[in-house]
Amino acid sequence: MKPEDRSVVRRTTPPPSETTPLVTPLFPSVVYCAEDADALDAVYEGRAGGYSYAREGHPNASVLADKISWMEGAGQGVMTASGMAAISAVFLALLEKGDHIVAGNQLYGRCLRLLTQDLPRMGFEASLVDASDVAAVEAALRPETKLLLVEVVANPTLRVADIKGLARLAKERGMIFVVDNTFTTPRAFRPFDHGADLVVHSVTKLLAGHSDVTLGYVGARDPGHATALYDAITTWGLNASPFDCWLAERGLNTFDLRFQRAQENAKALADHLRGLPGVLRVLYPGEADHPDGALARDLLQGNFSHMVSFELDADRAGVNAFVRAAGNIAFAPTLGDVGTTISHPASSSHRGLTVEGRAALGISEGFIRVSVGVEDIDLLTREFTAAVAAARRAATRPETREVG
Ligand SMILES: *Cc1c(COP(=O)(O)O)cnc(C)c1O
């Protein structure tokens, strides 16, 4: 090529290299160029590997989906723009006119909204039931029930779904069994090993782990489901961005270490909170006083994950004092960050419910949810001791002052 024939616009080829990068390169490209029309045919028809248009797939999504699928034991998996996009993709891919859904009644807040407001608007009915009670789930089934959706450990009460019983029921009735494994992660629980058909994740949380990406994943056992999910994600535009996938892959490198440390801290923090005056009850799955303790021990085999909830004997003034006194702990309505975060369901995730509605789930004004991170446990116990004491001092109710 003569120098004057060379274009500095676009037509670049990377320099040849005998070496390969250790880190997966970031591929922000929206399009991929083919040699000719035959080569493009080969890619579209699956006879050759490759990509054509980023909404339809890109290397960063493929690499990340394969890693998560391997961790979960999924046949195939797809990345989505968020955890909610993953859940939406399941419905958009698999529901048909007239189908009914049964789901846990303590799902992630937006998921509950999707089931109770948005899907009914489009003609799909959903019944919400206690997922730890197989008989209650069975009673909610109809001949047209197509899909059963539960979270393994529910937010924020940390109730545990009877996954084995539900899997049996789903199989008997020919329903698609979908498990949201965000709180447990494949390190604590692998739903495919226990009969799930689909597993969804908010990768935003523990798997990515640094609160800097919003991303989801759906894994399937059945190749037909995987194809339907891929088509729904591509058609409805629920695809993940290359940069988010790239960051999440980086986060995943340390997932195992983060999870182990956070889980150890969570257990220690739960024990510590139990001994503090002003703490009415502590919820940590697997403990003898947890409502689903036996179920949790059977399913999770000692991996009770990183979430701890507890109830302060406090009103709003006490909660505010608690949050302000815990200066090293972020008050943030998320979970799965590398650092510990606290959330207050009554003013965030569950603010849409009435006081009575929250009470029915066991969520009072003093209910606090902790997503435990990897900090030094001594720092955490110091912070929580001081914060609980501050809540007691600030509580305005007379009976609170007399406790302890
Ligand atoms: C956060 C979360 C979601 C939604 O995920 P986004 O990435 O925020 O869309 C779904 N399920 C559970 C259990 C979650 O914690």
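Quantities reported herein were computed from a predicted structural model and do not represent experimental measurements.

## What about the packing of aromatic side chains?
The geometry of an aromatic ring pair is captured by two quantities: the separation of the ring centres and the angle between the planes.
And step 1. Using the criterion set out here, one finds 7 aromatic pairs in the structure.
And step 2. Centroid distance Phe-243 to Trp-246: 6.1 Å. Interplanar angle 15°. Geometry classified as stacked. Here Phe-243 pairs with Trp-246, and both are found in helix 9 (residues 242-252), just 3 residues apart, close to one helical turn.
And step 3. Since its relative accessible area comes to 43%, Phe-243 is described here as partly exposed.

## Observations regarding the environment of Leu-149
And step 1. Assignment of secondary structure puts Leu-149 in strand 4 (residues 145-151).
And step 2. Sequence-wise, Leu-149 and Val-179 are 30 residues apart; in three dimensions their C-alpha atoms are separated by 5.9 Å.
And step 3. Leave out the neighbours within four places in its chain, and Leu-149 touches Phe-91, Val-102, Ala-103, Gly-104, Leu-107, Cys-111, Leu-115 and Val-178.

## Quick word on the site of the ligand
And step 1. Close to the ligand lie 13 residues; Gly-83, Asp-180, Ser-202, Thr-204 and Lys-205 are nearest.
And step 2. Residue Gly-83 places a main-chain N or O atom 2.8 Å away from an oxygen atom belonging to the ligand.
And step 3. Take Lys-205: an N or O atom from its side chain is 2.8 Å from an oxygen atom of the ligand.
And step 4. Considering the ligand on its own, with 380 Å² of exposed area, one finds that the protein chains cover 93% of that surface.
And step 5. Here the residues of the shell around the ligand are counted per class, giving 5 nonpolar, 5 polar and 3 charged.

## Looking at the domain arrangement of the protein
And step 1. According to the domain assignment, the protein contains domain 1 (37-252) and domain 2 (255-400).
And step 2. Using C-alpha coordinates to define each centre, domain 1 is positioned 27 Å away from domain 2.
And step 3. The interface of domain 1 with domain 2 comprises 30 residues on the first partner and 32 residues on the second.
And step 4. Between domain 1 and domain 2, a total of about 2800 Å² is buried, with carbon and sulfur atoms accounting for 63% of that surface.
And step 5. Looking at the side of domain 1 facing domain 2, the largest losses of area belong to Leu-158, Arg-187 and Leu-206, adding up to 24% of the total buried there.
And step 6. Taken together, domain 1 and domain 2 are joined by 15 residue pairs in polar contact (both at pLDDT 80 or more).
And step 7. Secondary structure elements with two or more residues in the side of domain 1 that touches domain 2: helix 6 (163-173), helix 7 (185-188) and helix 9.
And step 8. Broken down by element, the side of domain 1 that touches domain 2 gets its largest block of residues, 3 residues, from helix 7.
And step 9. Of the residues in the side of domain 1 that touches domain 2, the class split is 15 nonpolar, 10 polar and 5 charged.

Parameters at a glance
Per chain, residue numbering runs from 1 following the sequence as it is written. Reporting in this predicted model follows two pLDDT cut-offs: at least 70 for local features of residues, and 80 or more for side-chain atom pairs to be given and counted; totals over whole chains, interfaces and linings ignore these cut-offs and use all residues. Calculated side-chain values reflect all of the structure's heavy atoms, with hydrogen atoms and water omitted. Here is the rule: rings of Phe, Tyr and Trp (six-membered ring for Trp) pair when centre to centre is within 6.5 Å. Planes less than 30 degrees apart are stacked, more than 60 are edge-to-face, and the remainder are tilted. A run of DSSP states H or I qualifies as a helix once it reaches four residues; a run of E qualifies as a strand once it reaches two. Both are numbered from the N-terminal end. Throughout this description, buried means an accessible area under 20% of the type-specific maximum (1.4 Å probe, protein chains only), exposed means over 50%, and partly exposed covers the range between. By definition, residues are in contact when any of their heavy atoms lie within 4.5 Å. If even one non-hydrogen atom of a residue comes within 4 Å of a molecule or strand, that residue is called near it. Whenever two N or O atoms come within 3.5 Å, that pair is a polar contact, provided that in protein one can donate a hydrogen and the other can accept it, and provided that, for residues adjacent in sequence, both atoms are side-chain atoms. The method behind every accessible area is Shrake-Rupley, applied with a 1.4 Å probe, and residues are considered shielded solely by the protein chains displayed. Under the grouping applied here, Gly and all other residues not named as nonpolar or charged are polar, the nonpolar ones being Ala, Val, Leu, Ile, Met, Phe, Trp, Tyr, Cys and Pro and the charged ones Asp, Glu, Lys and Arg. Per the annotation, domain bounds derive from an automatic or database assignment of domains. By definition, the buried area sums, over both parts, the 1.4 Å-probe accessible area that each loses when the two are put together.

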